[in-house]
Amino acid sequence: MPATATLPSTLALCVGFAVALSGCAAESGPSQAELDAEATRERAAAGVAAVHARTVNEAREQRLQRLQKPDGWLSLVGLHWLQPGQSFVGSGATKGVRLAVGPEELGLITLDGDRVRFRPSPGAGLTFDGQPGGTGTRELVTDADGGTPTVVGFNRGDASFVVIRRGDRFGLRVRDALAPTRTAFPGLDYFDIDADFRFDARFEAHPPGQTLNIVNVLGIEEPMSNPGAVVFEKDGVEYRLEAVDEGDGRLFLIFADRTSGHESYAAARFLYAERPSEGATTVVDFNLAYNPPCAFTEFSTCPLPPASNRLDLRIEAGEKKPRKPAST
């Protein structure tokens, strides 16, 4: 009798165990359709990542090519501020504007109010915007005159100068294609490409005509067009960058962050974004952030970030601080 009584219980136990096993088997993994869908999503994500990486790498290569041009930022060898009146320009020890390169005397420069004129010296072999200059006096276009500044070439085209204006000051910016800063340039370093630092940022437009005072490395403050700000979110925190317009309609972002002075250049980094309509979004991709010219040369006049653009965030993307030349 006891043995007979235990048979239904044993059978029930076995049946229950089998049902449990079948249930476990049913819940042990996703279906084939789900696996296929996940694989499709992964392939799509990998494709997007590959396109992003290719775009960033192409932009970095173009950046390097621009930087290393014969008349790029790496070729700067001098910045000479002009005094009102007349000064002789050349490498000679007695010249009022003494250059680090070129013949002893290039010519006579005159600063008269907002006008800058130049008279070449005989035999200096100068060109103006690539054309032989002769010896007659001519007015020089500055970088603040709304067009391309006049390029005065010498040393058979290897060297040149242009006139720049910063506030009320005028200066000669001198370039030499044979400068060691260019010929021995050690290259650029970057953070790894990281899609988490590519944002669809909201554009908040300002009233037309609004400006933002930007200070440069010389301590000169100048108003720049401030069309609006971009707003993005990282790890649940909202961040905001004021944008300025250099005249081409794009949003120019001058920023510093928690990597500044550590992994990245201390003063600032630069980034551009397309200007959308009010309330729309634009892509702010910090993988494209790059160093200003003053990271490579003391002869530039880079703008510095406004207080609003000093982010309490580590932007571990974009260009790192410059390498030291091999000789140092």
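Not measured: the values here are computed from a predicted model. (Residues numbered from 1 in each chain as written. Predicted model: local features only at pLDDT ≥ 70, side-chain atom pairs only at ≥ 80, totals over all residues. Heavy atoms only, no water.)

### Side note on the environment of Gly209
Alright, step 1. Relative to the helices and strands, Gly209 resides in the loop between strand S12 (198–205) and strand S13 (211–215).
Alright, step 2. Look at Gly209 and you get exposed, because its relative accessible area is 70%.
Alright, step 3. Distance in space between the C-alpha atoms of Gly209 and Glu42 is 46 Å, their sequence separation being 167 residues. (Helix = DSSP H or I, 4+ residues; strand = E, 2+ residues; numbered from the N terminus. Buried < 20%, exposed > 50% of the residue type's maximum accessible area, 1.4 Å probe, protein only.)

### Here we look at the side chain of Ser260
Alright, step 1. Structurally, the position occupied by Ser260 is in the loop between strand S16 (251–255) and strand S17 (269–273).
Alright, step 2. Looking at Ser260, its side chain comes within polar contact range of the main-chain nitrogen of Asp257, at 2.9 Å.
Alright, step 3. Contacts of Ser260, omitting those with residues within four sequence positions, involve Tyr265 and Ala266. (Polar contact = N/O pair within 3.5 Å; in protein donor to acceptor, adjacent residues only side chain to side chain. Contact = heavy atoms within 4.5 Å.)

### Re the sheet that holds strand S7 (residues 131–132)
Alright, step 1. If you walk across this open sheet you meet the six strands as S1-S11-S10-S9-S6-S7, and the pairing is antiparallel. Sheet topology places strand S1 (76–81) and S7 at the edges, where each strand pairs with a single neighbour.
Alright, step 2. Alignment of strand S9 (residues 152–154) against strand S10 (residues 159–166), held across three bridges, turns out to be antiparallel. Its bridge partner being in S10, Val152 is matched across the sheet by Phe161. (Pairing = 2+ DSSP bridges.)

### As for the sheet that holds strand S8 (residues 138–139)
Alright, step 1. With mixed pairing, five strands are arranged side by side in an open sheet as S3-S2-S4-S5-S8. Of all strands in the sheet, those with a lone pairing partner are strand S3 (97–98) and S8, marking the two edges.
Alright, step 2. In terms of strand pairing, strand S2 (residues 85–90) meets S3 through two bridges, oriented parallel. In the sheet register, Gly90 faces S3, and the bridge partner there is Arg98.

### Here we look at the packing of aromatic side chains
Alright, step 1. Within the structure shown, the criterion is met by 12 aromatic pairs.
Alright, step 2. The interplanar angle of 75° and the centroid separation of 6.1 Å between the aromatic rings of Phe199 and Phe286 together place this pair among those described as edge-to-face. Within this pair, whereas Phe199 is found in strand S12, its partner Phe286 is found in the segment after strand S18 (281–285), the two being separated by 87 residues in sequence.
Alright, step 3. Residue Phe199 is classed as buried on the basis of its relative accessible area of 7%.
Alright, step 4. Aromatic side chains Phe252 and Tyr272 sit 4.9 Å apart centroid to centroid with 20° between the ring planes, which places their arrangement in the stacked category. Of this pair, Phe252 sits in strand S16 while Tyr272 sits in strand S17, placing them 20 residues apart in sequence. (Phe/Tyr/Trp six-rings, centres within 6.5 Å; stacked < 30°, edge-to-face > 60°.)

### Comments concerning the pattern of salt bridges
Alright, step 1. Summed over all chains, the structure comprises 16 salt bridges.
Alright, step 2. Here Arg115 and Glu139 are joined by a salt bridge, their closest N and O atoms 3.0 Å apart. Note that Arg115 is positioned in strand S5 (residues 115–120) and Glu139 in strand S8, a separation of 24 residues in sequence.
Alright, step 3. Between Arg323 and Asp189 there is a salt bridge; the shortest N-O distance is 3.0 Å. Taken together, the residues Arg323 in the segment after S18 and Asp189 in the loop between helix H3 (180–183) and S12 connect sequence positions 134 residues apart.
Alright, step 4. On the basis of relative accessibility, which here comes to 37%, the residue Arg323 falls in the partly exposed class.
Alright, step 5. The partly exposed category is assigned to Asp189, whose relative accessible area is 30%.
Alright, step 6. Connected via shared salt-bridge partners are Arg202, Glu204, Glu238, Arg240 and Glu242. (Salt bridge = Lys/Arg side-chain N within 4 Å of Asp/Glu carboxyl O.)

### What to know about the side chain of His52
Alright, step 1. In this structure, His52 sits in helix H2 (residues 32–67).
Alright, step 2. Taking relative accessible area as the criterion, His52 reaches 11% and is therefore assigned buried.
Alright, step 3. His52 has contacts with Ile193, Ala195, Arg198, Asp285 and Asn287, leaving out every residue within four places of it along the chain.

### Observations regarding unusual backbone geometry
Alright, step 1. With a phi close to 55°, Asn155 is a non-glycine residue in the positive phi region.
Alright, step 2. Looking at Asn155, the relative accessible area reads 31%, which means it is partly exposed.

### Observations regarding H2
Alright, step 1. The end-to-end C-alpha distance of H2 is 52 Å, a good match for the 52 Å that 36 residues give at a rise of 1.5 Å each.
Alright, step 2. Within the sequence span of H2, burial applies to His52, Val56, Arg60, Arg63 and Leu67. (Expected span 1.5 Å × (residues − 1).)

### Concerning the environment of Phe118
Alright, step 1. With respect to the element layout, Phe118 can be found in strand S5.
Alright, step 2. Classification of Phe118 by relative accessible area gives buried; the value is 0%.
Alright, step 3. For the pair Phe118 and Asp235, spaced 117 residues apart in the sequence, the C-alpha separation amounts to 57 Å.
Alright, step 4. Filtering out sequence-adjacent residues up to four positions away, Phe118 remains in contact with Val89, Leu106, Gly107, Leu108, Ile109, Leu126, Phe128, Gly136, Thr137, Arg138, Leu140 and Phe161.

Functional significance is not addressed by these values, which are geometric in nature.
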